[in-house]
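# Reading the structure
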Amino acid sequence: MKAIYANLLPLDRPFYEIHEEGYDPLKAIINFWDHYPLSTIRDCLYALDLKCKTIGTATESKLEAVQQTLFLANILRALMAYFLTHSRQIDTGSIKLSTLEANMAEIQLTKKINDFFQSINDPTI
């Protein structure tokens, strides 16, 4: 990142980074998924939800706050990259994700759980 952006707030930086020379939204997408498998994303969102529910209590450390801000900035970068690939009609078929297998395993597990709950909630039984 250019030094001029260093003093910006972490959630402002992604909006400026997309204008840098050499910015590639596909690289931003790959970088996000390489660092955040679905299980980690879920855990971060749970932590943010818990934080929203406990506003006003001193249950969070400085490290947790920094990690949550970093996660929010990174998810914002990924959303912006997806938007740019869509608006510029960039083919995402060439993306190779290191967390693909872990994410597919997570999706298969949640499908099994969903199928189980659907079977016990079937009104025809």
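Parameters and conventions
Residues numbered from 1 in each chain as written. Predicted model: local features only at pLDDT ≥ 70, side-chain atom pairs only at ≥ 80, totals over all residues. Heavy atoms only, no water. Helix = DSSP H or I, 4+ residues; strand = E, 2+ residues; numbered from the N terminus. Buried < 20%, exposed > 50% of the residue type's maximum accessible area, 1.4 Å probe, protein only. Contact = heavy atoms within 4.5 Å. Areas by Shrake-Rupley, 256 points an atom, 1.4 Å probe, with all protein chains shown as cover. 1 Å grid on protein atoms, 1.4 Å probe; cavity = no way out; pocket = protein on both sides within 12 Å on 5 of 7 lines; lining within 4 Å. Points joined across faces, edges and corners; volume = space filled by probe spheres on them. Nonpolar A, V, L, I, M, F, W, Y, C, P; charged D, E, K, R; others polar. Polar contact = N/O pair within 3.5 Å; in protein donor to acceptor, adjacent residues only side chain to side chain. Core = buried A, V, L, I, M, F, W, Y, C linked by side-chain atoms within 4.5 Å. Phe/Tyr/Trp six-rings, centres within 6.5 Å; stacked < 30°, edge-to-face > 60°.

A few words now on the overall build of the protein chain. Of the regular secondary structure elements, the protein chain holds five helices and zero strands. Within the protein chain, the fraction of its 125 residues that count as buried is 24%. Taking the contacts inside the protein chain whose residues are at least 6 apart along the sequence as the reference set, 74% of them involve residues at least 24 apart. Accessible surface computed for the protein chain: about 9,400 Å², of which carbon and sulfur atoms make up 61%.

Attention now goes to the layout of surface pockets. Approximately 300 Å³ is the volume attributed to the largest pocket. Around the largest pocket, the lining comprises 15 residues; the ones closest to its centre are E17, Y23, A28, N31 and R77. Taken together, the elements giving at least two residues each to the lining of the largest pocket come down to α2 (25–35) and α4 (62–87). For the lining of the largest pocket, the class distribution of residues is six nonpolar, four polar and five charged.

What follows is about the environment of R77. Within the secondary structure, R77 is located in helix α4. In this structure, the C-alpha to C-alpha distance between R77 and R13, residues 64 residues apart in sequence, is 8.9 Å. Within the structure, R77 has its side chain in polar contact with the side chain of N74 (distance 3.2 Å).

Within the largest apolar cluster, 13 residues are counted, with the highest numbers of intra-cluster contacts made by I29, F32, W33, Y36, I41 and F71. Contributing elements (two or more residues each) for this core: α2, α3 (38–53) and α4. Take this core: its biggest share by element is five residues, from α2. Excluding residues within four positions of it along the chain, F71 makes contact with Y36, I41, C44, L45 and L48.

Moving on, we get to the packing of aromatic side chains. Enumeration over the complete set of coordinates arrives at four aromatic pairs. Ring geometry for F32 against W33: centres 5.3 Å apart, planes inclined by 80°, an arrangement best described as edge-to-face. Through successive ring pairs, a cluster of aromatic residues spans F32, W33, Y36 and F71.

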